[in-house]
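What follows is the residue order along each chain.
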Amino acid sequence: MSTRADELINEYLDRLEEELADFPSTRRRELVQEISAHIAEARASLENEDEASIRNLLDRMGDPADIAAEAAGPPPAEASRRPEAIVQEPRAGAIEIGALVLLLIGGLVLPVIGWIVGVVLLWVSSAWTLPQKLLGTLVVPGGLALPIGLGVLATSSATCVQVPLPATPNAMACSSGGSGG
Amino acid sequence: MGSILVILLAVASVATVAYLARRMNRNAVAVPA
């Protein structure tokens, strides 16, 4: 009868080994030895080794597929979250804030150079796309420095200069370097 | 005429920077893990 018991146990261990086929060989051997030791221990405590007792013992050990699943760990709920789809929201860092400030008023603080630094920061930052960078660079070169500079230039060049005219000695002319607007 | 141009340029400059500031927060960057 012990031959039949051995057969049943060997079948069980063979099935277990098949279920553990995906495991590394060392881990597989370790698990099989562990279960085998449990079976041997339980078998030693049996009063009589008939087929029914052995089958009962193996049932208590559990199905080899369940043992393999348990050894593999819990279902990978965490692992199912794929990390490559993570989308990082860009935050306004020093580069972005510096770029915006310098694009707008950099030319006023440090004529020409301030705005150029702003443009460099704009292109260095990854917060904007290429068309947006082109827009920021080309729409108003110089930022507010350009309109303010033009305004100051127009005001100063529009001042009247009194020049005596030879034909009419008492008349005065008002010359303007601007367009007269 | 010149003053209108100046105002238009100033408005365009501010509007461009405001647009860039708004777009900065919307551009999502996919980062490989």
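Residue positions are given per chain, counted from 1 along the sequence in the order it is written. Ligands are numbered from 1 and chains lettered from A, in the order in which they are written. Where totals are concerned, whole chains, interfaces and linings use all residues; where local detail is concerned, this predicted model gives features only for residues with pLDDT of at least 70, and gives and counts side-chain atom pairs only at 80 or more.

Things to note about the overall build of chain B
Put simply, the rule reads: The numbering of helices and of strands both runs from the N terminus, where a helix is a DSSP run of H or I of at least 4 residues and a strand a run of E of at least 2. Burial is judged by counting other C-beta atoms within 10 Å of a residue's own C-beta: 20 or more means buried, 12 or fewer means exposed, and anything between counts as partly exposed, with every C-beta placed from the backbone.
Counting its regular elements, chain B contains 1 helix and 1 strand. In chain B, buried positions account for 21% of the 33 residues.

Focus: the overall build of chain A
What counts, and what does not: Note on contacts: each residue gets a C-beta atom placed from the backbone, and two residues are in contact if those atoms are within 7 Å.
A tally of regular secondary structure across chain A gives 8 helices and 3 strands. Every one of the 181 residues in chain A was classed for burial, and the buried ones make up 19%. For chain A, contacts bridging at least 24 residues in sequence account for 49% of all contacts bridging at least 6.

A few points about the packing of helix 7 (residues 130-138) of chain A against helix 1 (residues 2-24) of chain B
Rule in force here: Axes here mean lines fitted to C-alpha atoms, for a helix over just the part in contact, with angles spanning 0 to 180 degrees between N-to-C directions. Each angle receives one of four descriptions, namely roughly parallel if under 35 degrees, roughly antiparallel if over 145, roughly perpendicular if within 65 to 115, and oblique otherwise. The crossing is said to be left-handed when, going from far helix to near helix, the turn is anticlockwise and less than a right angle, and right-handed when the turn is clockwise. Nonpolar residues are Ala, Val, Leu, Ile, Met, Phe, Trp, Tyr, Cys and Pro. Charged residues are Asp, Glu, Lys and Arg, and all others, Gly as well, are polar.
Contact pair helix 7 of chain A / helix 1 of chain B: the axes reach a minimum separation of 10 Å and the direction vectors enclose 155 degrees. Between helix 7 of chain A and helix 1 of chain B, the interaxial angle falls into the category roughly antiparallel. The crossing of helix 7 of chain A and helix 1 of chain B is left-handed. Packed against helix 7 of chain A, whose contacting residues are Gln132, Leu135 and Gly136 of chain A, the element helix 1 of chain B presents Thr16, Leu20 and Arg23 of chain B at the interface. Residues of the contact of helix 7 of chain A with helix 1 of chain B, tallied by class, amount to 2 nonpolar, 3 polar and 1 charged.

Some thoughts on helix 3 (residues 51-61) of chain A
Residues and elements named next belong to chain A. Note the threshold: Within this analysis, the arc is defined by the directions that extend from the helix axis to the C-beta atoms.
Taken together, the buried positions of helix 3 are occupied by Ile54, Leu57 and Leu58. The arc that holds the buried residues of helix 3, viewed along the axis, is 95 degrees, so those residues lie on one side. Exposed residues lying more than 90 degrees from the buried face of helix 3 are Ala52, Asn56, Asp59 and Arg60.

What about the nonpolar core?
Soluble, globular proteins show a tendency: their nonpolar side chains are buried together. Rules: Throughout this description, the term nonpolar core refers to a group of buried Ala, Val, Leu, Ile, Met, Phe, Trp, Tyr and Cys residues whose C-beta atoms join them within 7 Å.
One finds Ala99, Leu100 and Leu103 of chain A to be the most contacted residues of the largest nonpolar core, which totals 15 residues. Elements with a contribution of two residues or more to this core: helix 5 (94-109) and helix 6 (113-124) of chain A together with helix 1 of chain B. With 5 residues, helix 5 of chain A is the single largest residue contributor to this core. With near-sequence residues (within four places) excluded, leucine 100 of chain A lies in contact with Val17, Leu20 and Ala21 of chain B. Within the second largest apolar cluster, 8 residues are counted, among which are Tyr12, Leu16, Leu57 and Leu58 of chain A.

Here we look at unusual backbone geometry
If you check the backbone angles, valine 112 of chain A has positive phi at about 65 degrees while not being a glycine. As for its position among the elements, valine 112 of chain A is in the loop between helix 5 and helix 6.

With respect to the packing of helix 5 of chain A against helix 1 of chain B
Closest axis-to-axis distance for the helix 5 of chain A/helix 1 of chain B pair is 9 Å, and the angle between their directions is 170 degrees. The angle between helix 5 of chain A and helix 1 of chain B falls in the class roughly antiparallel. Here helix 5 of chain A contributes Glu96, Leu100, Leu103 and Leu104 of chain A to the contact with helix 1 of chain B, which in turn contributes Ser13, Val14, Val17, Leu20, Ala21 and Met24 of chain B. For the contact of helix 5 of chain A with helix 1 of chain B, the residue count by class is 8 nonpolar, 1 polar and 1 charged.

Focus: the confidence of the model for chain B
All names here are of chain B. Note the threshold: A residue's pLDDT is simply how confident the predictor is in it, with values from 0 to 100.
With 73% of its residues at a pLDDT of 70 or more, chain B shows a mean pLDDT of 77. Across residues 28-33, confidence stays below pLDDT 50; counting only partners more than four residues off in sequence or on other chains, it has 12 contacts. Of the two predicted TM-score estimates for the complex, the pTM is 0.45 and the ipTM is 0.77.

Digging into the confidence of the model for chain A
One rule of thumb: low pLDDT means the predicted coordinates there are not for detailed reading. Residue and element names in this part refer to chain A. Per-residue confidence for chain A gives a mean pLDDT of 78, with 75% of residues at or over 70. Put simply, strand 1 (residues 87-88) is where chain A has its lowest mean pLDDT, 49, and helix 6 is where it has its highest, 92. This model gives residues 78-87 a pLDDT under 50, and the stretch forms 7 contacts once residues within four places in sequence are excluded. Low pLDDT, under 50, characterises residues 176-181; the stretch is placed with 12 contacts to residues that sit more than four places away or in other chains.

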